[in-house]
Amino acid sequence: MRPSIVIVGAGPRGTGLLERIAANMPELYDGSGQTGPRHAVSAQTVSRQAGSEQAAAGLDIHLVDPFPPGGGRIWREAQPPLLWMNSEAQDVTMFTDETVDMAGPVRGGPTLHEWAALDGRVFADRQRQGTYLRWVFERTVAALPPGVRVHHHPRRALRVGGPREGRQQVWLEGRPRPLLADLVVLTLGHLDAELDDEQRELAAYARAHDLVHLPPDFTADSDLSALAPGEPVLVRGFGLAFVDLMVLLTEERGGRYEPGPDGELTYRASGREPVLHVGSRRGVPYHSKIGYDLTGERPPLPRFFGPGEVDALLARPEGFDFRRDVWPLVEKELGFAHYHRLFTVHPERTGMAWADFEEKYAAGDSAEIQGLVASAVPDPADRLDLSALDRPLDGVHHASYDALQDGLRAYIEGDLTRRHDSAHSPDLAVFFGLLSVYGQLVRLGDIGSWWHGFFSYLASGPPGPRLRQMLALSRAGVLRFLGADMTVTAADGVFRAGSATVPGEYVEARALVEARLPHPTVERTRDSLLRELHAEGAAATPEGLLAVDPADGRVLDRSGTPHPRRFALGPHTDARGSGAFTRPRTGGPAFRQNDATARAALAFLRALSCSAAA
C-alpha cells in the first residue's frame, strides 16, 4: 500500500501544515514512485484508482473535513458578507519569511491584501479570506511533487485506532471501512463543547419556561431567528463574538448606518431588531484596533522576556507558576516597550534621559520601577497601568442603567480617540510587546486561559468602525450596556441580569445569548475523536487541552511518552501557537510549529520507506 498521512481538519492550520509538507519534501521525502496528478482529487476518485496503484510508491495525503479545504468551518466562503475579519488585510499571511525560526525552507507568497489588491488597512470580509485560503490550498497542492496525491473527504472523523508500531485506522462518518494511515495529524481548529453545569441548568430552565437560551457557539452558526424584533435580549460577553452577533441582529436584518457631517453615525432601524442588553466580566468592549502605523524605531524586543528566560523557566525541576514566575517578566517586558517609545519619541513628556531611565528600570524590581516611573513620567496618563487597563470599571458605580449608558459611550469614544492618535504611540509599542511575549509563551505550553483573554482584550479587539457602529446602536436604543461583573439568574419564569456597576438594578428578558466561543476541554468536546483519544490514554493539561510534545507536536500519553504516529496542532493543544493568522515578518510561532511537525512526519515516512526497502 502507498504511504499515507491523514490530516483531520482542512482549515488554515491543516492548509499551513500541507504547505510545510510541500516545502520540505524535496529535502526529506521526494514522493517518487507512481506519478499521479498534481491536484486534489475526491474520495470517490481514490476508490477508483486504488486497484491500479503500485505498492509503497509516492504518498497519499488524506484531508478529512466536512467543510471545503482552505477555509474550513470558520473561514468558509459561505457566510454573510457583513462579517469581517478582525485583522487588517496587510496583517494576514499564510506564507513564511526569513523571520521564522525553522529548519525548513522559506517559501514566500502574498499577504491577503497583496493577493486581493486591497488597501492594506482594510478589514476584509470573511468570504474574501475564505477565497484567499482556497487559493493557498490549491497553490500548495500544485507545488507537491509528482506521485503525491491529496484527497479530500467531506466527512467527520469519528475515532482513531491502531497500534503504536503499526498503521493507524481513521474511522469516518458514513464510511464502513477506515482510512489507513502511517501518520495522523489533528488540525481540528475551534471545536464545539458539551454544556457545562451552569449552561445545562440555564438550558433546562429555558425549555421548562418557553424561553430562548443560546449557549456559547460560533456566531455565524447560531440560529438567531428566535430573537424576536423589539424584545429584550440579555447578552453575556463583550468580545468579538458579540460584535458578530450585533452585526447579524442589526445590519443583517435590514438596518443601516448614515454618516453625519462630523462623521458620527446614525443608525436607521429596520424594525426587525431585538434590544440587546450586553455585559461581561470587564463590562466594556475589547479595545479598538490601533488606527495608525508605527514610525521610527520599534522597541528592541525581546528585552526582559526572551528565549533565555523561557529556557530558565522550563529548566526548573519544580515547574513554574504563571502569576508568580512568568507575569512579572511579562509586565516588565510590556513596560519596557511602552517607556522606550515614550522616552525616545516623546521626550518632552518625560523628566529623565532615556539611558538613565533604562539602566534603573533594568535593575529595579516592581516596587522600584513604580517609584522610578512616578518620578520620571509626570503625567499619569503617560504611565502604563496594566491592572487599570484590565479592569477599567473597577470602583465605577452608577445610580441607574440610564446613567451607565452615557458613561460607557464616553469610555468607548475615549478609547477610539486614543487608539487613532499617534500621540499615544506607546500603545502601539505595547502591542508589539504583546506579540513578542505571545511568541515566547508558546514554548511554555498551557499557561491557563487568563493570559489569552487579556491578550485578546488589548491586542485583538474590533476594528474602529465596529465600535462607531456600537455607539450608533447605543444612541438609537438598540444596544444597552449592563456593566462589569455581570450576573445571570433564572427565576420567576425569566432570565435576570445585574452587574456590580449598577448595584441593586436588574434587567429581565425571555432570551439569553452567551456571546463567546465554547471552551472545549478534551473531556467536554463534542468531537468524539478527541474525546476518545483522551479516554484511551492521551494526556491533557489542567486546562483540558491535549498535551503534545513542544518539539514536533506528537501527542503525549499520560506518562509523557510521545506517540510515534499521532500529531496535533492548534487551539485544542497546549502548543496553541499564535492566533488564527500570522502577521508578516513577526516570526510566526504557528509557522515554526507547522514546519517542525511536517519535518518530523516526513522523516518518519522516509525511515519507514528505508526499512521496508531493506
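This text follows the structure it describes.
Right, let's walk through the structure included here. (Residues numbered from 1 in each chain as written. Predicted model: local features only at pLDDT ≥ 70, side-chain atom pairs only at ≥ 80, totals over all residues. Heavy atoms only, no water.)

## Thoughts on the pattern of salt bridges
Opposite charge on two side chains allows them to pair when their charged atoms are near.
Alright, step 1. Under the counting rule described, the total for this entry stands at 41 salt bridges.
Alright, step 2. As a salt-bridge pair, R76 and D221 come within 2.6 Å of each other at their nearest N and O atoms. Of this pair, R76 sits in the loop between β3 (59-64) and α3 (112-116) while D221 sits in the loop between β9 (212-214) and β10 (232-236), and the two are 145 residues apart along the sequence.
Alright, step 3. Among the residues examined, R76 registers a relative accessible area of 12% and is labelled buried.
Alright, step 4. On the basis of relative accessible area, D221 is assigned to the partly exposed category, the value being 30%.
Alright, step 5. For R200, the salt bridge is made with D197, and the minimal N-O distance between the two is 2.2 Å. Remark: D197 and R200 occur in helix α5 (residues 197-208); sequence separation between them is three residues, near one turn of the helix. (Salt bridge = Lys/Arg side-chain N within 4 Å of Asp/Glu carboxyl O. Helix = DSSP H or I, 4+ residues; strand = E, 2+ residues; numbered from the N terminus. Buried < 20%, exposed > 50% of the residue type's maximum accessible area, 1.4 Å probe, protein only.)

## Regarding the sheet that holds β9
Alright, step 1. The sheet built from five strands is open, its strands ordered β9-β18-β10-β13-β14 with parallel pairing. A single partner strand is all that each edge strand has here, and the edge strands are β9 and β14 (479-483). Neighbour-to-neighbour, the strand axes of the sheet open up by a mean angle of 20°, direction not taken into account.
Alright, step 2. Of the strand pairs in this sheet, strand β13 (residues 275-279) and β14 are connected by four bridges, and their pairing is parallel. Bridging across to β14, H277 finds its partner in R480.
Alright, step 3. Along the sheet face, helix α6 (residues 240-248) touches β10, β13, β14 and β18 (511-514) and points at about 175° away from the line of β13. (Pairing = 2+ DSSP bridges. Axes fitted to C-alpha atoms, helices over the stretch in contact; angles between N-to-C directions. Contact = heavy atoms within 4.5 Å.)

## Quick look at the environment of R164
Alright, step 1. By the secondary structure assignment, R164 is in the loop between β5 (157-161) and β6 (168-172).
Alright, step 2. A relative accessible area of 34% places R164 in the partly exposed class.
Alright, step 3. Along the chain, R164 and H563 lie 399 residues apart, while their C-alpha atoms are 6.7 Å from each other.
Alright, step 4. When neighbours within four sequence positions are excluded, R164 is seen to be in contact with D557, T561, P562, H563, P564 and R565.
Alright, step 5. At 3.0 Å, the side chain of R164 and the backbone oxygen of P562 are in polar contact. (Polar contact = N/O pair within 3.5 Å; in protein donor to acceptor, adjacent residues only side chain to side chain.)

## Comments concerning the nonpolar core
Alright, step 1. With 100 residues, the main nonpolar core has F242 and W451 as its most contacted residues.
Alright, step 2. The dominant element in this core, judged by the number of residues it contributes, is helix α13 (residues 426-441), at eight residues.
Alright, step 3. When near neighbours in sequence (up to four residues on either side) are disregarded, W451 contacts F322, W327, V330, L434, V437, Y438 and L441.
Alright, step 4. By size, the runner-up hydrophobic cluster in this structure holds 28 residues, among which are I7, A22, L59 and F567. (Core = buried A, V, L, I, M, F, W, Y, C linked by side-chain atoms within 4.5 Å.)

## Quick word on the sheet that holds strand β15 (residues 487-491)
Hydrogen bonds along the backbone pair up the strands of a sheet, which may run parallel or antiparallel.
Alright, step 1. Read from one edge of the open sheet, three strands run β15-β16-β17, paired in antiparallel fashion. Looking at strand neighbours, the two that pair on one side only are β15 and β17 (507-509), the edges of this open sheet. Pairs of neighbouring strands in the sheet enclose a mean axial angle of 25°, with direction left out of account.

## Concerning the side chain of H151
Alright, step 1. The topology assignment puts H151 in strand β4 (residues 148-153).
Alright, step 2. The class of H151 is buried, set by a relative accessible area of 0%.
Alright, step 3. Looking at H151, its side chain comes within polar contact range of the side chain of D60, at 2.8 Å.

## Structural notes on empty space enclosed by the protein
Alright, step 1. A complete count under the given rule lists four cavities of 30 Å³ or more for this structure.
Alright, step 2. Along the walls of the largest cavity sit eleven residues, with L441, V442, G445, H452 and R576 positioned nearest its centre.
Alright, step 3. A class-by-class count of the residues in the lining of the largest cavity yields five nonpolar, three polar and three charged. (1 Å grid on protein atoms, 1.4 Å probe; cavity = no way out; pocket = protein on both sides within 12 Å on 5 of 7 lines; lining within 4 Å. Points joined across faces, edges and corners; volume = space filled by probe spheres on them. Nonpolar A, V, L, I, M, F, W, Y, C, P; charged D, E, K, R; others polar.)

## Let's talk about the pairing of β3
Alright, step 1. β3 sits mainly inside the fold: six of its six residues count as buried.
Alright, step 2. Summarising the sheet, strand β1 (residues 4-8) and β3 pair through five bridges and their orientation is parallel. Residue pairing for β3: S4 is matched across the bridge by D60.
Alright, step 3. Both β3 and β4 contribute to a ladder of six bridges, which runs parallel. Along β4, the bridge assignment pairs L63 with H152.

## Digging into unusual backbone geometry
Alright, step 1. Cis geometry marks the peptide bond from L301 to P302, where omega comes out at -5°.
Alright, step 2. Mapped onto the fold, P302 is located in the loop between β13 and α7 (307-315).
Alright, step 3. Here the phi dihedral of D210 falls at roughly 55°; this positive angle occurs in a residue that is not glycine.
Alright, step 4. Its place among the elements puts D210 in the loop between α5 and β9.
Alright, step 5. In this structure D210 comes out as exposed when scored by relative accessible area, which is 66%.
Alright, step 6. Phi is positive for D485, close to 50°, though the residue is something other than glycine.
Alright, step 7. On the accessibility criterion, D485 (34% relative accessible area) is partly exposed.

## Re the pairing of β18
Alright, step 1. The alternating pattern of β18 places A511 and V513 and L512 and E514 on opposite faces, both of which are buried.
Alright, step 2. As paired elements, β9 and β18 share three bridges and run parallel to each other. The residue of β18 that forms the bridge with L214 is V513.

## Here's the deal with the packing of helix α1 (residues 12-28) against helix α17 (residues 589-613)
Alright, step 1. It is at 8 Å that the axes of α1 and α17 come closest, and there the two elements cross at 50°. Taken as axis vectors, α1 and α17 run oblique relative to one another. The chirality of how α1 crosses α17 is right-handed. The segment α1 lies against α17, with R13, G16, L17, R20, I21, N24, M25, E27 and L28 engaging A590, F591, Q593, N594, D595, T597, A598, R599, L602 and R606.
Alright, step 2. Grouping the constituent residues of the contact of α1 with α17 by class yields eight nonpolar, five polar and six charged. (Parallel < 35°, antiparallel > 145°, perpendicular 65-115°, else oblique. Left-handed = near helix turned anticlockwise from the far one by under 90°.)

## Remarks on α5
Alright, step 1. For α5, with twelve residues, the first-to-last C-alpha span of 17 Å sits near the 16 Å given by 1.5 Å per residue.
Alright, step 2. For α5, the secondary structure elements touched by its buried residues are β9, β10, β15, β16 (494-498) and β18.
Alright, step 3. One side-chain oxygen at the N-terminal end of α5 lies 3.3 Å from the backbone nitrogen of E198; it belongs to D196.
Alright, step 4. Note on α5: the residue one or two positions beyond its end, D210, has a positive phi of about 55°. (Expected span 1.5 Å × (residues − 1).)

## Regarding the packing of aromatic side chains
Any pair of aromatic rings gets described here by the distance separating the centres and the angle formed by the planes.
Alright, step 1. Within the structure shown, the criterion is met by 29 aromatic pairs.
Alright, step 2. Taking 6.0 Å as the distance between ring centres and 80° as the angle between the ring planes, the aromatic pair formed by Y286 and Y457 counts as edge-to-face. With Y286 in the loop between β13 and α7 and Y457 in helix α14 (residues 450-459), the pair connects residues that are 171 residues apart, well separated along the chain. Pair check on accessibility: Y286 and Y457 agree, each one buried.
Alright, step 3. Relative to F432, the ring of F431 has its centre 5.6 Å away and its plane inclined at 70°; by these criteria the two rings are edge-to-face. Both residues of the pair, F431 and F432, belong to the buried class.
Alright, step 4. Ring pairs connect the aromatic residues F304, F336, Y339, F343, W354, F357 and Y361, which therefore count as one cluster.
Alright, step 5. In this arrangement the basic side chain of R282 is found over the ring face of Y457, its NZ or CZ atom lying 4.0 Å from the centre.
Alright, step 6. If you follow K332 out to its NZ or CZ, it ends over the ring of Y361, 6.0 Å from the centre. (Phe/Tyr/Trp six-rings, centres within 6.5 Å; stacked < 30°, edge-to-face > 60°. Lys NZ or Arg CZ within 6 Å of the ring centre and 35° of its normal.)

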